[in-house]
Amino acid sequence: MRILLVEDERSFARALCRGLEAEGFVVELAEDGRKGLELATERSYDVVVLDIMLPGLNGYRVAAALRERDRWTPVLMLTAKDGELDEAEALDTGADDFLSKPFSFVVLVARLRALARRGGGPRPAVLEAGDLRLDPAGHRVWRGDAEIELTAREFALLELLMRHAGEVLTRREILDGVWDFAFDSDSNIVEVYVGYLRRKIDLPFGRRAIETVRGIGYRLAASGG
């Protein structure tokens, strides 16, 4: 697995490179945002590990620029900051996952493998299921002509369901796809966020797009409900 690490703290970056290489990853290091953007644009990687606080261009701007250039390599953002607003901004600007320093190296490796399984193929400009539309790049959702406001995590859940419209996704697949390894299998976080989504994309419109498949998971109707 080829990893691009964009990190300006040299001692931390070198230690991380050694650890990842010991796990069998091939790692290339860029120490500023501009170099990271150049490498991620011109070369092929399985995952980009991107610090937010970088000289030249910060991580938010690098991620946004990659998506504007139709480069969909999965991005894992690292930051010394903590809080929902930082996580939301990371996701909104194009990151696929978010990890706050200090973090467990074991968790980092697991998340990198999960992101690599998703792949970085081209993503459609707008996803559609009936009159339900989602714009991944613009982070916008509509039911017919009505725009719906979602939190970053609600948006990620809906995007996953829409990419697999008509398919049943298990709770584990949803946890891995939206939260990766942040929650264990006993958590009810999936049920909680499915409830949030239903109250925003279904109930106000008299729809039942998100179906519960008892004992298995959830499915978004291909017709949008």
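Every value quoted in this text rests on a predicted model; they were computed, and no experiment measured them.

**As for the overall build of the protein**
Then step 1. In terms of regular secondary structure, the protein is built from 8 helices and 12 strands.
Then step 2. Across the 225 residues in the protein, those meeting the buried criterion constitute 45%.
Then step 3. Put simply, 57% of the contacts in the protein that link residues at least 6 apart link residues at least 24 apart.
Then step 4. Counting only carbon and sulfur atoms, one obtains 48% of the accessible surface of the protein, whose full area is about 11000 Å².

**Considering the pattern of salt bridges**
As a working rule, side chains carrying opposite charge can pair if their charged atoms are close by.
Then step 1. Applying the stated criterion across every chain, the model contains 18 salt bridges.
Then step 2. For the salt bridge of Lys35 with Glu38, the shortest nitrogen-to-oxygen distance reads 3.7 Å. With Lys35 and Glu38 both in helix α2 (residues 33–42) and 3 residues apart, the pair spans about one turn of that helix.
Then step 3. Of the residues examined, Lys35 reaches a relative accessible area of 35% and is grouped as partly exposed.
Then step 4. Here Arg163 makes a salt bridge to Glu159, at a shortest N to O gap of 2.6 Å. Here Arg163 and its partner Glu159 are both found in helix α6 (residues 152–163), 4 residues apart, which amounts to about one turn of the helix.
Then step 5. Classification of Arg163 by relative accessible area gives partly exposed; the value is 31%.
Then step 6. Accessibility expressed as a relative area gives 14% for Glu159, which makes it buried.
Then step 7. Overlapping salt bridges bring together Glu7, Glu9, Asp51 and Lys101 as one network.

The rules behind these values
Residues numbered from 1 in each chain as written. Predicted model: local features only at pLDDT ≥ 70, side-chain atom pairs only at ≥ 80, totals over all residues. Heavy atoms only, no water. Helix = DSSP H or I, 4+ residues; strand = E, 2+ residues; numbered from the N terminus. Buried < 20%, exposed > 50% of the residue type's maximum accessible area, 1.4 Å probe, protein only. Contact = heavy atoms within 4.5 Å. Areas by Shrake-Rupley, 256 points an atom, 1.4 Å probe, with all protein chains shown as cover. Salt bridge = Lys/Arg side-chain N within 4 Å of Asp/Glu carboxyl O.

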